[in-house]
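# Observations on the model geometry
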Amino acid sequence: MEDILNIVYIFPIAITLHNIEEALWLPEWSQHAAKYHKPVKRNEFHFAVLCVTILAYLISFSYAFNSHIEIIKYAFWGFVGAMVINAIFPHLIATIVMRKYALGVLTGMFINIPCFSLMITYAIKNDLISVRELIISTVIVGGVLISILPVLFAIGRKIVKF
């Protein structure tokens, strides 16, 4: 159990670093990437990224103490998998297509992908999750995250004023 606790806590720390990178500069960057990315204002983006970060902590802590509950297991590993995909698309792909640094690619490539890939390898090797379960969980959690972002942006536009 202690091994799983040690690797689970990597996730919220790494996602926090990634989200800080995005929070600092993405709203301004998005104003110049309108062809590929709808511009977002600081308040709406900060609200959304804060909610996603809090969700990462909640799911991580839930899994750390309730790894035997299937839905929590799938939510956690799906979130980890979705963040690996997120580092590639949109961050790396946007950097290549735009020929300009896309916010989040640095932490995505040098923190998220290495850390989360090692976590996934450990989980599969130790039968915490199967490859099939990981793929299905990643698709579902990724889809949920993509679908809630516009809602979080809209809420951020309405309730956060700064």
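Residues numbered from 1 in each chain as written. Predicted model: local features only at pLDDT ≥ 70, side-chain atom pairs only at ≥ 80, totals over all residues. Heavy atoms only, no water.

A contiguous nonpolar patch, built from Ile85, Ile88, Phe89, Ile93 and Val97 and spanning about 450 Å² of accessible area, is present on the exposed surface. Among the structural elements, Ile85 can be located in helix α4 (residues 70-98). Among the residues examined, Ile85 registers a relative accessible area of 46% and is labelled partly exposed. (Patch = residues over 30% accessible without salt bridge, like charges linked within 9 Å, V, L, I, M, F, W, Y side chains within 5 Å. Areas by Shrake-Rupley, 256 points an atom, 1.4 Å probe, with all protein chains shown as cover. Salt bridge = Lys/Arg side-chain N within 4 Å of Asp/Glu carboxyl O. Helix = DSSP H or I, 4+ residues; strand = E, 2+ residues; numbered from the N terminus. Buried < 20%, exposed > 50% of the residue type's maximum accessible area, 1.4 Å probe, protein only.)

Moving on to the packing of helix α2 (residues 10-30) against helix α3 (residues 42-65). Contact geometry of α2 with α3 gives a least axis separation of 10 Å together with a crossing angle of 175°. Judged by the angle between their axes, α2 and α3 are roughly antiparallel. Each of Phe11, Pro12, Ile13, Ile15, Thr16, Asn19, Glu22, Ala23, Leu24, Leu26, Pro27 and Glu28 in α2 lies in contact with α3, whose residues at this interface are Arg42, Phe45, His46, Val49, Val52, Thr53, Ala56, Tyr57 and Ser60. Partitioning the contact of α2 with α3 into residue classes produces 13 nonpolar, five polar and three charged. (Axes fitted to C-alpha atoms, helices over the stretch in contact; angles between N-to-C directions. Parallel < 35°, antiparallel > 145°, perpendicular 65-115°, else oblique. Contact = heavy atoms within 4.5 Å. Nonpolar A, V, L, I, M, F, W, Y, C, P; charged D, E, K, R; others polar.)

Moving on, we come to the environment of Gly143. Mapping Gly143 onto the fold places it in helix α6 (residues 131-159). As for Gly143 and Phe65, which are separated by 78 residues in sequence, their C-alpha atoms are 25 Å apart.

In this section: the pattern of salt bridges. A side chain with one charge can pair with a side chain of the opposite charge if their charged atoms come near. In the structure shown here, the tally under the stated rule is four salt bridges. A salt bridge links Glu28 to Arg42, with the shortest nitrogen-to-oxygen separation between them at 2.1 Å. In this pair, Glu28 sits in helix α2 while Arg42 sits in helix α3, placing the two residues 14 residues apart along the sequence. The exposure class of Arg42 is partly exposed, given its relative accessible area of 32%. Among the salt bridges present, the one from Glu44 reaches Arg157, with a minimum N-O distance of 2.7 Å. Residue Glu44 is found in helix α3, and its partner Arg157 is found in helix α6; the two are separated by 113 residues along the sequence.

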